Amino acid sequence: MDITVTVNGRQYRRTIEPRVLLAYFLRDELGLTGTHLGCDTSNCGACVVWLDGLPVKSCTVLAAMADGKQVRTVESLARNGQLDPVQQAFIDCHGAQCGFCTPGMLMTARWLLDRDPDPSEERIREAISGQLCRCTGYENIVRAIRRAAELSNTADDDGSSAALAGEQRDEVAS
Amino acid sequence: MTADGNGSAFGSRIRKEDARFVRGLGKFVDDVVLPGMLHGAMLRSPMAHARIVSVDVSAALAHPRVKTVITGEMLAERGMAWMPTLSYDQQAVLATDKVRFQGQEVAFVVAEDRYAARDALELIDVEYEPLPAVVDAHQALAPDAPVIRDDRPGQQDNHIFDWESGDAQRVAEVFAEADVVVEQDMLYPRVHPAPLETCGIVADMDPVSGRLTVWSTAQAPHAHRSLYAQLTGIPEHRIRVIANDIGGGFGNKVGVYPGYVCAIVASMITQQPVKWIEDRAENLMSTAFARDYHMRGEIAARSDGTILGLRVRVLADHGAFNATAQPSRYPAGFFGVFTGSYDLQAAHCSVTGVYTNKAPGGVAYSCSFRVTEAVYLVERMVDLLACELDMDPAELRMRNLIRPEQFPYDTATGWRYDSGDYPRALAKLLDMAGYHDLRAEQAAKRERGELMGIGLSFFTEAVGAGPRKHLDMYGFGMADGAELRVHPSGTAVLRVSCMSQGQGHETTFAQLVANELGIGVDEVDVVQGDTDHTPFGVGTYGSRSIAVSGAAAVTVARKVREQARLIAAAMLEADPEDLEWGDGRWYVRGVEGAGHTLAEIARAAHADIDLPDGVDGQLAASTVYNPPNLTFPFGAYLCVVDVDPDTGQVTVRRFVAVDDCGVRINPMIVDGQIHRGLADGIGMALMEHIAFDADGNHLGGSFMDYLLPTALECPSWELGETVTPSPHHPVGAKGIGEAATVGSPAAVVNAVMDALRPCGVRHADMPLTPAAVWRAIQGRALRSDLAIR
Ligand code: FES
Ligand code: FES
């Protein structure tokens, strides 16, 4: 079947098998390998991307379901070579160890901060509770998201990217 | 930090790896894409024990997108149906005669894409003749138990080995003198390391050059290369094993799995690259599990709380093939350190290993070669003794800890602990936790019928394997190589044999070298995980990277610094003996601030000065570091839990951890390693269990059944530290990769048992799920089948 998906602001038209999962579509068709698969049963969250502005587990979404929609992946977070505050905070706070859960965590973190710029630790833990990290014991991920909130709240450009979800951008080459 | 280095490189809070990880630009094995690459999928046994009557792959071969299907018979023709394990057993690559566990590899489909490969699995017709399965380790040695390993000549039963350590006679004597003896059966259940990235490989056999290149999730790339050479007959110098980024390992990625071998054979047959990535169910069902130790402990003491001796009997469930990844002369790994952190007179353990119809493995999940099991055993026994004597468990521990002046300390089972100040660590822990206030709070809660528990554990790790005289993996002495080259500009490249799986080696090892050479951390790059470009070594597991490879890195850096001294002497027209190193330069004694930096010396090495004897025109060296002993990190942990008496739900309210891993090179990374291990402890103590039904069906094939802790189950960890340098490591480091996984489960279980004390509960086995806790509160017998006689 033919689908048209806008990924990170760029439109892709592809012919796919109807059963292809969004995660594999992004990885195998578009070469966006920042989205990882840790279970493909919707339990680990390594595959979290945004679909029309909402975090989804892309191992449990058919690529066909993204037809005509906007997808946002970790590759879009840095803009013009400038890291998103969540990315910077993960560096500052050692929020990544093996880096496998990191893209999914970053996408959820960005989504949370767009909605709640000053989340409590409890709120952060709840937001990432559908995602597994086997390396960090979550401590530094939680700290990183808190720090990202602080970085965003002190910066001129608050780093918010809620507007991105619905807008066309073409920074990312396929 | 060190007398020799300029010290500035330690302690920094940086990590080189992060720049790519936060951008989604890590390079994991499934990210490797080669032109013409095919995809493999594995057909696995639905039964735990069955004879294979026939395997019909004709329909799969007829699938338009299938390239080939590999069967056990095909491998047998090539002499590759079986492969050696790290424990000198053999493991089926693809089953030919029988399947011996559910999930065992039976056939391998190679197709043009991963979906087609999976489709074709359904088209393979295997006829099985079911056999009775051995699921309960206690039944494995029953006279009528079916013999699982009839492939082994002369094997008449399911017995693998008997191993013992310590002095049984002495133990009998101290037990006879004791005022009190406490005994307890306990199970350390089968768990799984479950790194977030599953195992995988891309194999590319170049038919023209005869070179095999393999990208894989390999914690031990050099060992994999050696095994592939032995198995395939491809000469070792024509095999290159590359491990790029690895998404967590924890011991799961030490061994060679059948899927790797099949992908290599598939590439040899098809002359195209072949990728195989296992899914989560395959990972949980077939790759290296951990623990499965059925233990009976007995502890003897005087009525004043002086511990006299410890006796342990273990039944070790090794699964269908003995593939445990530990030093080959230690079939029970380092379980022999079960005397823990206590100064006791006598100890003895005996371990019997058995085959069952379950997946192979046993040594994995950050266990430091089974120090996990040993620490759990002794720390539970000490708590049970405290109960029996009605003593405070902290006081009982303090009374029996090895004292600082006793180091180096020779244990009753023959280990020499290098250094430690245990009472200081325990005192610090109690202080940080506010122990006396916690006990007061608990007393008040007990009055109100609320269940609050405070659990302690004190552990001593045994890591950094190890002296090659005693320790080898599959015949390879556990020494590690390192190579260092300084470029003319003074920047450097270090090549090491160990392989990070998230521990940040690129940063920590650069810090080690930078510290010795007085250059910036950014001026050192670290190459790892590529057998063509790194020296031989046995890999990263058992917390050995800093202890062995790290020592190699420091040693090679010091060699290069000595070369630099000779060149600097020539440059300064001085006697090398008159030079001193400081602040990143060699200078003539007394003329600090003058002299030459490494960059100046490196430049000169390549220029036209007359080089003195003992150096050639470069700054470069290599070494192999053979550690004189293991290192022995230690720590004191405290866990506070609340238990809901109506549901059995355990909430971990606080976890306080004081770790001593010797000198810390990158404290940020050290803390991160500890955080991970503490989460492991919560997972194992409360949630994780690879369980089977009576027919050997695996009951934990997804993260819905095999539960792992999320951010909601983990508290915010409270960390403290003491620093007791290792006397024999060149910078005094000991290693930290597994300490918290080793030490934390006992603290959680001790806390839950402490909470349940008013209910009359003495012991319950992990995982302490709400159901298990509730049953314990109701006084129902738990796992009474576990008694070992
Ligand atoms: S891969 Fe999608 S949730 Fe695990
Ligand atoms: S950093 Fe390894 S899984 Fe999260």
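If you're wondering where the values come from, they're calculated on a predicted model, not measured in any experiment.

A. Quick look at the confidence of the model for chain A. Put simply, chain A has an average pLDDT of 91, and 89% of its residues get 70 or more. For residues 156-174 of chain A, every residue scores under 50 in pLDDT, and the model assigns this stretch 45 contacts once sequence neighbours within four places are set aside.

B. The arrangement of the packing of aromatic side chains in detail. Tallied over the entire structure, the rule returns 27 aromatic pairs over all chains. A centroid spacing of 4.7 Å and a plane angle of 55° characterise the contact between Tyr422 of chain B and Phe634 of chain B, whose relative ring orientation is tilted. In this pair, Tyr422 of chain B is assigned in helix H11 (residues 422-433) and Phe634 of chain B in strand S31 (residues 634-643), connecting sequence segments 212 residues apart. No difference in accessibility class separates Tyr422 of chain B from Phe634 of chain B, as the two residues are buried. A connected cluster of aromatic rings, assembled from ring pairs, spans Tyr330, Phe334, Phe369, Trp415 and Tyr541 of chain B. The ring of Trp50 of chain A is capped by Arg72 of chain A, whose NZ or CZ atom sits 5.0 Å from the centre of that ring. The lysine or arginine in question, Arg20 of chain B, covers the ring of Phe21 of chain B, its NZ or CZ lying 5.0 Å from the ring centre.

C. Fine view of helix H1 (residues 22-29) of chain A. H1 of chain A sits mainly inside the fold: 6 of its 8 residues count as buried. For H1 of chain A, every residue scored as buried is listed here: Leu22, Ala23, Tyr24, Phe25, Leu26 and Arg27 of chain A. As for H1 of chain A, its buried residues are in contact with strand S1 (2-7), strand S2 (10-15), strand S3 (48-51) and strand S5 (70-72) of chain A together with helix H4 (114-121) of chain B. Backbone geometry just after H1 of chain A places Gly31 of chain A at a positive phi near 70°.

D. Fine view of the pattern of salt bridges. All told, the structure shown has 73 salt bridges over all chains when counted by the stated rule. Two residues, Asp31 of chain B and Arg27 of chain A, come together in a salt bridge whose shortest N-O distance is 2.7 Å. Taken together, the residues Asp31 of chain B in the loop between helix H1 (18-21) and strand S1 (38-44) and Arg27 of chain A in helix H1 connect one chain to another. This pair shows no difference in class: Asp31 of chain B is buried, exactly as Arg27 of chain A is. Between Arg125 of chain A and Glu121 of chain A there is a salt bridge, with its nearest N and O atoms 2.8 Å apart. Highlighted residues: Arg125 of chain A and Glu121 of chain A, both in helix H4 (residues 121-127), separated by 4 residues, approximately one helical turn. Residue Arg125 of chain A is classed as buried on the basis of its relative accessible area of 7%.

E. Broad picture of a negative patch on the surface. Residue and element names in this part refer to chain B. Among the surface-exposed residues, Asp56, Asp125, Glu127 and Glu129 lie close enough to one another that they form a single negatively charged patch. Among the elements that take part in the negative patch, strand S8 (residues 125-130) stands out by supplying 3 residues, more than any other. Relative to the helices and strands, Glu129 is located in strand S8. For Glu129, a relative accessible area of 40% corresponds to the partly exposed category.

F. Region of the structure containing the confidence of the model for chain B. Residues and elements named next belong to chain B. Per-chain confidence: chain B averages 96 in pLDDT, with 98% of residues scoring 70 or above. Low pLDDT, under 50, characterises residues 1-6; the stretch is placed with 20 contacts to residues that sit more than four places away or in other chains. Every residue in residues 784-789 is under pLDDT 50, and counting partners more than four places away or in other chains gives 18 contacts.

G. Inspection of the interface of chain B and chain A at higher detail. Of the residues lining the interface, 50 residues belong to chain B; the matching set on chain A comes to 49 residues. Taking both sides of the interface into account, the surface hidden between chain B and chain A amounts to around 4000 Å²; carbon and sulfur atoms contribute 56%. Taken as a group, Val22, Tyr115 and Leu196 of chain B account for 20% of the area that chain B buries against chain A, more than any other trio of residues on that side. Here chain B and chain A share 5 salt bridges between them.

H. Seen up close, the nonpolar core. Residues and elements named next belong to chain B. Core analysis: the biggest nonpolar cluster contains 227 residues, and Phe108, Phe334, Phe335, Val351, Leu686 and Leu756 have the highest contact counts within it. Examining the composition of this core, we find that 12 residues originate from one element, helix H9 (residues 371-389), more than from any other. Not counting residues within four places of it along the chain, the set of residues in contact with Leu756 comprises Leu451, Val643, Val761, Val773, Ala776 and Ile777. Within the second largest apolar cluster, 49 residues are counted, among which are Leu484, Ala547, Val556 and Ala733.

What counts as what
Residues numbered from 1 in each chain as written. Chains lettered and ligands numbered in written order. Predicted model: local features only at pLDDT ≥ 70, side-chain atom pairs only at ≥ 80, totals over all residues. Heavy atoms only, no water. pLDDT = per-residue confidence, 0-100. Contact = heavy atoms within 4.5 Å. Phe/Tyr/Trp six-rings, centres within 6.5 Å; stacked < 30°, edge-to-face > 60°. Helix = DSSP H or I, 4+ residues; strand = E, 2+ residues; numbered from the N terminus. Buried < 20%, exposed > 50% of the residue type's maximum accessible area, 1.4 Å probe, protein only. Lys NZ or Arg CZ within 6 Å of the ring centre and 35° of its normal. Salt bridge = Lys/Arg side-chain N within 4 Å of Asp/Glu carboxyl O. Patch = residues over 30% accessible without salt bridge, like charges linked within 9 Å, V, L, I, M, F, W, Y side chains within 5 Å. Areas by Shrake-Rupley, 256 points an atom, 1.4 Å probe, with all protein chains shown as cover. Lys, Arg positive; Asp, Glu negative; His and termini not counted. Charge placed at Lys NZ, Arg CZ, Asp CG, Glu CD. Buried area = accessible area lost by both parts, 1.4 Å probe. Core = buried A, V, L, I, M, F, W, Y, C linked by side-chain atoms within 4.5 Å.

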